[in-house]
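Geometric and topological summary
The primary structure of each chain is shown beneath.
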Amino acid sequence: MTIRVINAAAAVQLPLSTEPYDCWRMLDGTVACEFHRTKNGYRVRFPDRADFAIDLTEDQVTCLPAPDVSEAFLGDIYFNQILPLMMTRSGDLVLHASGVGIDGQAIGFIGATGRGKSTLAASLAKAGHPFLTDDGLILDPAGSGYAVRPRRPILRLRADSEAMLYGRTLAGELDPDALKERVPARPDLPFLEVPTPLAALYFLVEPRGVEEPQITRMPAAGTLAELIAHSFILDIGDKPRLRAHFNRLAQVANAVTCYALDFPRRYDALSGVIEAIRRHRANGNNDL
Amino acid sequence: MNLESRLQTSSDAVAREVGGETMLLDLASGTYFGLNEVGGAVWNALESGASLAEACDQIEAQFDVPRGQLEADVLALAEQLVSQGLATA
């Protein structure tokens with residue numbers, strides 16, 4: 001499917017006449033975006049940032065920005081949120097996850113915003129394990145398993161993560177809308193450009209105050225519930241697509257080994273987390 | 001509801017076996033449920049049109065479980081499926 005994107009002039013967001021049928025929230029409960037049905041498709045609202053009007057009859061997405069929102073940020077929303085939602089309508093499987101390559105295999109880190117997906121991907125990349133994606137991890141069936149499709153060679157990092165990893169700011173431009181900076185791939189932040197077989201998924205669980213990294217195998221049935229919670233789907237009321245989505249995720253839950261990963265949320269502990277993940281991969285996935 | 005009842009499973013219910021359990025998704029509400037191995041066998045029997053007694057017969061042949069306990073468990077599960085809208089009596 002080819003999607004045409006149109007950028008409209010900035011305008012203050014007015015209340016919508018419909019009630020949202022779905023809503024995504026940040027960890028603190030604030031609304032990240034809400035979903036409305038329209039005559040020809042959908043309107044996805046990111047409060048005070050932008051609306052995206054999706055016209056299914058024209059395969060067209062119109063971006064309606066709020067005032068003073070940067071073009072770069074709008075591009076990030078489109079690439080990381082709207083495009084994955086559209087892709088799932090076409091049967092792709094997209095997870096809220098980052099991905100890196102280790103020893104020729106991919107691993108993914110799944111979790112809500114703020115759980116550390118980008119920081120882990122950046123840390124592993126800095127340690128020599130190239131990243132495949134910052135978010136919106138696409139799984140393509142490959143043999144009896146799945147491959148991770150590379151996306152764009154850019155990481156979006158909070159300034160404190162970036163400063164911790166590099167001791168300086170690489171991009172130099174902090175986007176006030178995103179509170180994240182775009183850090184392009186570079187020799188010390190390598191990007192993996194080829195589809196890579198998926199070895200495992202790590203769910204970044206709610207922190208329990210652990211002092212050492214903990215990695216435990218998740219039962220497949222529990223994994224399915226988490227996959228549902230952390231996958232992209234545009235319309236949960238679209239029963240045929242929801243049915244197909246559920247079936248695809250069940251196949252992933254049966255085929256892919258998944259773990260719960262908890263780790264100290266301190267930057268000075270991050271090197272230990274990276275080492276624990278490396279050990280876990282090298283030692284045949286035993287619990288730590 | 002009794003053991004002779006034949007439940008009609010909802011067309012909005014999707015069942016998939018995952019890791020030895022059966023996960024049910026209710027497309028109407030977006031809610032999902034987990035059934036253990038025996039519960040999954042009950043669901044499969046109901047989907048094939050079996051009565052609750054016939055479901056018990058099938059399960060008794062597969063699992064080592066006292067008949068009285070099995071019938072009580074199947075009736076209890078059937079009540080839950082109906083109350084959750086996943087089946088009708």
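These figures come from a predicted structure and were not determined experimentally.

The rules we used
- Residues numbered from 1 in each chain as written.
- Chains lettered and ligands numbered in written order.
- Predicted model: local features only at pLDDT ≥ 70, side-chain atom pairs only at ≥ 80, totals over all residues.
- Contact = placed C-beta atoms within 7 Å.
- Helix = DSSP H or I, 4+ residues; strand = E, 2+ residues; numbered from the N terminus.
- Nonpolar A, V, L, I, M, F, W, Y, C, P; charged D, E, K, R; others polar.
- pLDDT = per-residue confidence, 0-100.
- Pairing = 2+ DSSP bridges.
- Axes fitted to C-alpha atoms, helices over the stretch in contact; angles between N-to-C directions.
- Parallel < 35°, antiparallel > 145°, perpendicular 65-115°, else oblique.
- Left-handed = near helix turned anticlockwise from the far one by under 90°.
- Buried ≥ 20, exposed ≤ 12 C-beta atoms within 10 Å, placed from the backbone.
- Domains from an automatic or database assignment.

Remarks on the interface of chain A and chain B
Counting from both sides, the interface comprises 15 residues of chain A and, opposite them, 12 residues of chain B. Here the element with the most residues in the side of chain A that touches chain B is helix 5 (residues 239-255) of chain A; it accounts for 8 residues. Looking at the side of chain A that touches chain B, its residues break down into 11 nonpolar, 2 polar and 2 charged.

Quick word on the confidence of the model for chain B
Residue and element names in this part refer to chain B. Of the residues in chain B, 100% reach a pLDDT of 70 or more, and the chain-wide mean stands at 93. Between the elements of chain B, mean pLDDT differs from a low of 90, seen in strand 4 (residues 31-35), to a high of 96, seen in strand 1 (residues 8-9). Across the interfaces of the predicted complex, the ipTM metric reaches 0.87, alongside a pTM of 0.87.

Here's the deal with the sheet that holds strand 3 (residues 21-26) of chain B
Read from one edge of the open sheet, 3 strands run 2-3-4 (chain B), paired in antiparallel fashion. Edge positions in the sheet fall to strand 2 (13-18) and strand 4 of chain B, since each has one partner strand and no second. When strand polarity is set aside, the average angle formed by the axes of neighbouring strands in this sheet is 20°. Note that strand 3 of chain B and strand 4 of chain B share 5 bridges and pair antiparallel. Bridging across to strand 4 of chain B, Thr22(B) finds its partner in Leu35(B). Most of the contacts of helix 5 of chain A go to strand 2 of chain B, to which it runs at about 10°, and overall it touches strand 2 and strand 3 of chain B.

Details of the packing of helix 2 (residues 52-62) of chain B against helix 3 (residues 67-83) of chain B
All names here are of chain B. One way to put it is that helix 2 packs onto helix 3 with a least axis distance of 10 Å and a crossing angle of 130°. Between helix 2 and helix 3, the interaxial angle falls into the category oblique. In terms of crossing hand, the pair formed by helix 2 and helix 3 is right-handed. In contact with Leu52, Ala55, Cys56, Ile59 and Glu60 of helix 2, helix 3 contributes Arg67, Leu70, Glu71, Val74, Leu75 and Ala78.

Quick word on the pairing of strand 4 (residues 41-46) of chain A
Residues and elements named next belong to chain A. Here strand 4 lies mainly inside the structure; 5 of its 6 residues are buried. Note: strand 3 (residues 31-38) against strand 4, 5 bridges, orientation antiparallel. Among the inter-strand pairings, Arg37 is bridged to a residue of strand 4, identified as Tyr42. Counting the residues in the hairpin turn of strand 4 and strand 5 (residues 50-55) gives 3 residues, including Asp48, whose phi is positive at 65°.

Focus on the domain arrangement of chain A
Residue and element names in this part refer to chain A. Looking at chain A, the domain boundaries give domain 1 (4-69) and domain 2 (94-282). Each of domain 1 and domain 2 was reduced to a C-alpha centroid, and the two centroids are 26 Å apart. Each partner contributes to the interface: domain 1 provides 8 residues, whereas domain 2 provides 8 residues. Here the side of domain 1 that touches domain 2 is built from residues that sort into 6 nonpolar, no polar and 2 charged.

Here's the deal with the environment of Gly34(B)
As for its placement among the helices and strands, Gly34(B) is situated in strand 4. In this structure the C-alpha to C-alpha distance between Gly34(B) and Leu81(B), which are 47 residues apart in sequence, comes to 11 Å. For Gly34(B), the residues in contact, after removing those within four places along its chain, are Ala221(A), Glu21(B) and Met23(B).

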